[in-house]
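Report on the structure
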Amino acid sequence: MTRVAEQTGCDLPTVSVATITYNHEKFIAKAIESVLMQETDFPVELVIGEDCSTDRTREIVMDYAARYPDVIRVLLPERNRGLYQNWKAVSAVCRGEYIAYLEGDDYWVHPQKLLKQVRLMDANPHYSMCGSAAQLVAMAPDDSEKNVGLICPKITKSFYELADILDDYPMHTSTVMLRRSFVFLPVWMEGTVNMDNCVFALCAERGPIGYLPEITSCYRLHHNAVWTGKSHVERINCWRKMYDLLDTHFNGRYRRILRRREFRDSAMVSRQLVEHGMSREARAVYSESAPRFAGLMPLRVIGWGLAVYWGYGIRSAWHRLTMYLAMRSRLKALIQRFQSIKVNQG
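An account of the accompanying structure is given in this report. Worth saying up front: this structure is predicted, and the values here are computed from it rather than measured.

1. Overview of the pairing of strand β8 (residues 129-139)
Put simply, side chains in a regular strand alternate between the two faces of the sheet. Among the 11 residues that make up β8, 10 are buried, leaving the element largely enclosed by the rest of the structure. Taken together, the two bridges between β8 and strand β11 (residues 177-179) define a ladder with antiparallel strand orientation. Pairing of Met 129 across the sheet is with Leu 178, part of β11. Bridge count between β8 and strand β12 (residues 209-221): 10 bridges; the pairing is parallel. Its bridge partner being in β12, Cys 130 is matched across the sheet by Gly 210. One ladder, built from six bridges, connects β8 with strand β9 (residues 145-151); its direction is antiparallel. Looking at the pairing, Ala 134 lines up with Ile 151 of β9.

2. Focus: the pairing of strand β4 (residues 44-50)
For β4, the buried fraction is high: seven of the seven residues fall into the buried class. Pairing of strand β2 (residues 15-21) with β4 involves seven bridges; the strand directions are parallel. Within β4, the residue paired with Ile 20 across the bridge is Gly 49. Pairing analysis gives four bridges linking β4 to strand β5 (residues 72-75), with the strands arranged parallel. Within β5, the position partnered with Val 47 by the bridge is Arg 73. Following the backbone out of β4, through helix α2 (residues 57-67) and into the adjacent parallel β5, one traces a crossover that is right-handed.

3. Section: the packing of helix α9 (residues 279-293) against helix α10 (residues 298-310)
Look at α9 against α10: their axes get within 10 Å of each other, and the N-to-C directions meet at 175°. With respect to their mutual orientation, α9 and α10 come out roughly antiparallel. Contacts between α9 and α10 involve Ala 282, Arg 283, Val 285, Tyr 286, Ser 289, Ala 290 and Phe 293 from the former and Pro 298, Val 301, Trp 304, Gly 305, Val 308 and Tyr 309 from the latter. For the contact of α9 with α10, the per-class residue count stands at 10 nonpolar, two polar and one charged.

4. Points about the packing of aromatic side chains
In the structure shown here, the tally under the stated rule is 11 aromatic pairs. The interplanar angle of 15° and the centroid separation of 6.4 Å between the aromatic rings of Tyr 64 and Tyr 68 together place this pair among those described as stacked. Using a relative accessible area of 7% as the deciding quantity, one classes Tyr 64 as buried. When the centroid spacing of 6.2 Å and the interplanar angle of 45° are considered together, the rings of Tyr 127 and Phe 159 count as tilted. Taken together, the residues Tyr 127 in the loop between α4 (113-123) and β8 and Phe 159 in strand β10 (residues 159-160) connect sequence positions 32 residues apart. Given the relative accessible area of 5%, Tyr 127 is considered buried. For Phe 159, a relative accessible area of 31% translates into the label partly exposed.

Calculation criteria
Residues numbered from 1 in each chain as written. Predicted model: local features only at pLDDT ≥ 70, side-chain atom pairs only at ≥ 80, totals over all residues. Heavy atoms only, no water. Buried < 20%, exposed > 50% of the residue type's maximum accessible area, 1.4 Å probe, protein only. Helix = DSSP H or I, 4+ residues; strand = E, 2+ residues; numbered from the N terminus. Pairing = 2+ DSSP bridges. Right-handed = clockwise from strand over helix to strand, strands pointing away. Axes fitted to C-alpha atoms, helices over the stretch in contact; angles between N-to-C directions. Parallel < 35°, antiparallel > 145°, perpendicular 65-115°, else oblique. Contact = heavy atoms within 4.5 Å. Nonpolar A, V, L, I, M, F, W, Y, C, P; charged D, E, K, R; others polar. Phe/Tyr/Trp six-rings, centres within 6.5 Å; stacked < 30°, edge-to-face > 60°.

Without other data, these values stay purely geometric and don't point to any function.
Okay, structure coming up:
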């Protein structure tokens, strides 16, 4: 077993680590070091797309590239490309059989992440990609970090199908490994910042997604990040756009699953807004989003509206009422069925 930092050059690496970075001066060194510490029995390359940062990110990246020329290749565009074009450019020059993604403000914590994932993918050639659990790390203004949770599937399985991926966000980008032949970044994906969700869905369309029930990476939450720096309302708009793009790609076949997930996201954000004293914004989210769900889940939409306008205690009462009515309806149907059977037997 050899650490990536100690390996010699190779034109055909088994794994390409694809890293996109922009204004990650505080984080990029730790991300690179977490790749260099990987223990493998196969060659690895690290491809970094440095997107014209305004801080010292490019300087740090170039320093590492000079120290590890057998491992690190750097893309240095003359002007800022943006998230989609940077990700596309880095993916296009990766040479490995597999691509593992690691953004410049995240880092790996398991020294054999790549080794375990390659073995899993080799043993299951029908898998399109694999992932694992990720630690959520919140960064305070004084740059101290605190573990605040996990990103992992609600139900642990050895692999997940397309419907599972569309219904949830079970793995973070920093944990995944894809078959390079399956990497596909269509033009429509440029319209969303939630590219990882789209990539997962496109991979799952081609084959199951394997899962390692271990924590292999850390996803940093900080105010300058692309996603965590957005407001609640901006996130709703991003999700809505992503769900519409996926719905179009799949020709409406998974609309019910996508709408159900979007409903959970919207309801969660509106509750967070109410808890932060932003009731007007919560009602705006409801009025814009509710028509998208009304035809599929009218009772839930009504309960959500009651909560946003009258408080979440009302919503609990509404849920109890609808559950009572549903149980009463089912009980009535069972009694009628039993009576029908009894009459037929008589």
